[in-house]
Amino acid sequence: MSDFDAIDSLLAAVGPEAELPAAEVRRALRERARLSRAQVARALGVGPSTVAGWESGRDPSGETRAKYAYLLDGLSAKLGTEPGPSAAGPAPVPGPAVGSGTGDEDVSEGGAPPAGERPAAHGAADAAVPAPDPGPAPDEVEPLDAAEPCVLCGHPATQRVAGFAQHLDAADCRPAATTAGPPDVAPARAARPPVHRTPERSTAPGAGASSTTGLSRRSGSTARRAFQQQAGPAALIHEAVRGALAEHRGDIDAAVAALSKRAIPDAMRLLDETRKGARYDVIAHPWIPDILKKQTSRGADQIWEARPKWTRHELPPGRHEVTALDINGAYLSALKTHLPLGQLEHSTGFAHDRRRAGVHLITPPAWEHTAVLPNPIGNRDEPGPLWVTEPTLRLLLRLSGPKHGLCEPPEIHESFTSGATENLLEKFRVALKEARGTAIAADDEVTLEYVKAMYSKFVSTMGESNYNRELYRPDWMHIIRSQAFANLWMKALKAHEDGLAVVRAMGTDELHVIGDWRRVFPEGRRASEVKVKDTYTVGDDGVGPEDADDFEDGIG
């Protein structure tokens, strides 16, 4: 290319930019068309959180802006609405505004999390942290005598809203990318570059259905109806199952296999659907500290999930029948947990703020009840401090409290946390739980296996995974897993306190007990119930604790 060719290219790029409607119109057009942010992002070659930024007030530029304007014009024409251009003149790049949510989510104990968290943009120019709600109720705003770090951007703020120091004006919240991090902490994680999707990804709405398509791909007639019908979460699941069965001519095994392959993109579509109208959007790609990054490509990060792997060494005298119980929907139930909303912030000290959640470096307390109950931090041979998740820390604090008094409180050295809510994924969890319950009642194994694949793969791929590029939250992955382990531990404690002898606790869903367990746990296949996995005899001529590993291999 000659110098003049380069100049001609520059001149060609200069000119009037395509007009875009106002941010609220962009979002309204997408939602009326029943399109998820992930679908729009795939069509434009960006990330879902970038689309969220455009719907919050930021504007794309260059060729991407022209493509986005073309999409919005097309949606407006199909829906018979007028997009309405934004105000004349070059659009500034403000921080993202809060969602137009209903505020229907409960928050963690002690106060509300920061309002208006939005997904972080993929591009460096869009890497701004969302600003708090500019219009909180007057009785929620508390002036501060001394400035405190804003929970959203980290810069000094002189007001506290719902228990959190934050700026009231979006213009005061400076981008987190320019904020200095804590000492010895790696710089902010770079946004992921565009990647080629795996074949199991869905592409564009209205494309021909196949066994590898997601919920976002329908047949032509269904695609046309998408602009006219309101499809809730239950309808999305039902349509996917019905389509898979029709495509494979009623072959249940083939339909289950096809649905399992598309479970990840379908789960993300379902998440988008259940988050509509919510007060807090999912921040898909925040900065992540080094402790949450894999040390090698096949290695692990530094977080200890406290996975139980415990077998009782000494049993009560005599011969006993042991029942191996299977805890239903362990990961599904664990979706209800305290999840950090925004970027994790570093802190030191021994205090635990129940309004926040994240990961913590602690020295765990001594555990003196291994003879009858597993150690709450799992099987760990190395002494000294370790990084644990929010559920593990809260479990230890609970067990050290006056109600149980089973150990001393853990010693907290440092933490990476953010304002949190226990209900961020609650509508997503409830949608899957209800679909699972309906499938069980109807003896619908196809839907049951599909729902199980969605929530299990959703949890397992939200870390560093090539199978889910739409969500990068290794902190959430560890927290949800640890919550499942903590839930199993609390069931073991309940069994022990109600007079059962706990023989074994393994992973997320395996609990072996001696005694009349039906008076302690409800039996069934629903998420709140347990079912019998197997029974065996211990003591005298039966299986002893020394045979536990062989038994596990036999029933696992």
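Conventions and cut-offs
- Residues numbered from 1 in each chain as written.
- Predicted model: local features only at pLDDT ≥ 70, side-chain atom pairs only at ≥ 80, totals over all residues.
- Heavy atoms only, no water.
- Axes fitted to C-alpha atoms, helices over the stretch in contact; angles between N-to-C directions.
- Helix = DSSP H or I, 4+ residues; strand = E, 2+ residues; numbered from the N terminus.
- Parallel < 35°, antiparallel > 145°, perpendicular 65-115°, else oblique.
- Contact = heavy atoms within 4.5 Å.
- Nonpolar A, V, L, I, M, F, W, Y, C, P; charged D, E, K, R; others polar.
- Pairing = 2+ DSSP bridges.
- Salt bridge = Lys/Arg side-chain N within 4 Å of Asp/Glu carboxyl O.
- Buried < 20%, exposed > 50% of the residue type's maximum accessible area, 1.4 Å probe, protein only.
- Phe/Tyr/Trp six-rings, centres within 6.5 Å; stacked < 30°, edge-to-face > 60°.
- 1 Å grid on protein atoms, 1.4 Å probe; cavity = no way out; pocket = protein on both sides within 12 Å on 5 of 7 lines; lining within 4 Å.
- Points joined across faces, edges and corners; volume = space filled by probe spheres on them.

Peer 1: Is there a simple way to think about the packing of helix α11 (residues 390–399) against helix α14 (residues 474–497) in this case?
Peer 2: Two elements in contact, α11 and α14, have axes separated by 7 Å at closest approach and are oriented at 30 degrees. Between α11 and α14, the interaxial angle falls into the category roughly parallel. On α14, the residues touching Glu390, Pro391, Thr392, Leu395, Arg398 and Leu399 of α11 are Ile479, Ser482, Gln483, Ala486, Trp489, Met490 and Leu493. Considering only residue class, the contact of α11 with α14 consists of eight nonpolar, three polar and two charged.

Peer 1: Would you mind going over the side chain of threonine 417 with me for this structure?
Peer 2: Mapped onto the elements of the fold, threonine 417 is located in strand β11 (residues 411–421). Setting aside its immediate chain neighbours within four residues, threonine 417 contacts Gln343, Leu344, Glu345, Arg356, Ala357, Gly358 and His360.

Peer 1: Any chance you could explain the sheet that holds strand β13 (residues 510–514) here in plain terms?
Peer 2: Strands pair in a sheet through their backbones, by hydrogen bonds, and they do so in one of two ways: parallel or antiparallel. Overall, antiparallel pairing links the five strands, which are arranged β5-β12-β13-β6-β14 in an open sheet. Edge positions in the sheet fall to β5 (309–311) and β14 (530–538), since each of these pairs with one other strand and no more. On average, each strand axis in the sheet is inclined to that of its neighbour by 25 degrees, with strand direction left out of account. By the bridge criterion, three bridges tie β5 to strand β12 (residues 501–506) in an arrangement that is antiparallel. Residue pairing in the sheet places threonine 311 in a bridge with arginine 504 of β12.

Peer 1: Please clarify how the pattern of salt bridges should be interpreted in this entry.
Peer 2: Pairing between side chains becomes possible if they bear opposite charge and their charged atoms approach one another. Scanning the entire structure with this criterion turns up 22 salt bridges. Of the charged contacts in the structure, one is a salt bridge between glutamate 426 and lysine 336, with a shortest N-O distance of 3.9 Å. Of the two residues, glutamate 426 sits in helix α12 (residues 426–441) while lysine 336 sits in the loop between α10 (330–334) and β7 (339–340), which places them 90 residues apart along the sequence. The class of glutamate 426 is buried, set by a relative accessible area of 16%. Accessibility expressed as a relative area gives 32% for lysine 336, which makes it partly exposed. Residues joined in a network through salt bridges with shared partners are Arg27, Arg30, Glu31, Arg37 and Glu55.

Peer 1: In this structure, what is going on with the packing of aromatic side chains? I would like to understand it.
Peer 2: Each aromatic ring pair is summarised here by two numbers: the centre-to-centre distance and the angle between the ring planes. One pass over the full model with this rule turns up five aromatic pairs. Relative to tryptophan 489, the ring of tryptophan 367 lies with its centre 5.8 Å away and its plane at 75 degrees, an arrangement referred to as edge-to-face. Highlighted residues: tryptophan 367 in the loop between β9 (356–363) and β10 (386–389) and tryptophan 489 in helix α14, separated in sequence by 122 residues. Residue tryptophan 489 is classed as buried on the basis of its relative accessible area of 4%.

Peer 1: Just to check I follow, could you spell out the layout of surface pockets for this structure?
Peer 2: Here the idea is plain: a probe the size of a water molecule rolls over the atoms and shows the empty space left. Space inside the second largest pocket adds up to approximately 620 Å³. Lining the second largest pocket are 31 residues, with Arg398, Gln483, Ala486, Asn487 and Met490 sitting closest to its centre. Elements represented by at least two residues in the lining of the second largest pocket include exactly α10, α11 and α14. Sorting elements by how many residues they give to the lining of the second largest pocket places α14 first, with eight residues. Of the residues belonging to the lining of the second largest pocket, the class tally is 13 nonpolar, nine polar and nine charged.

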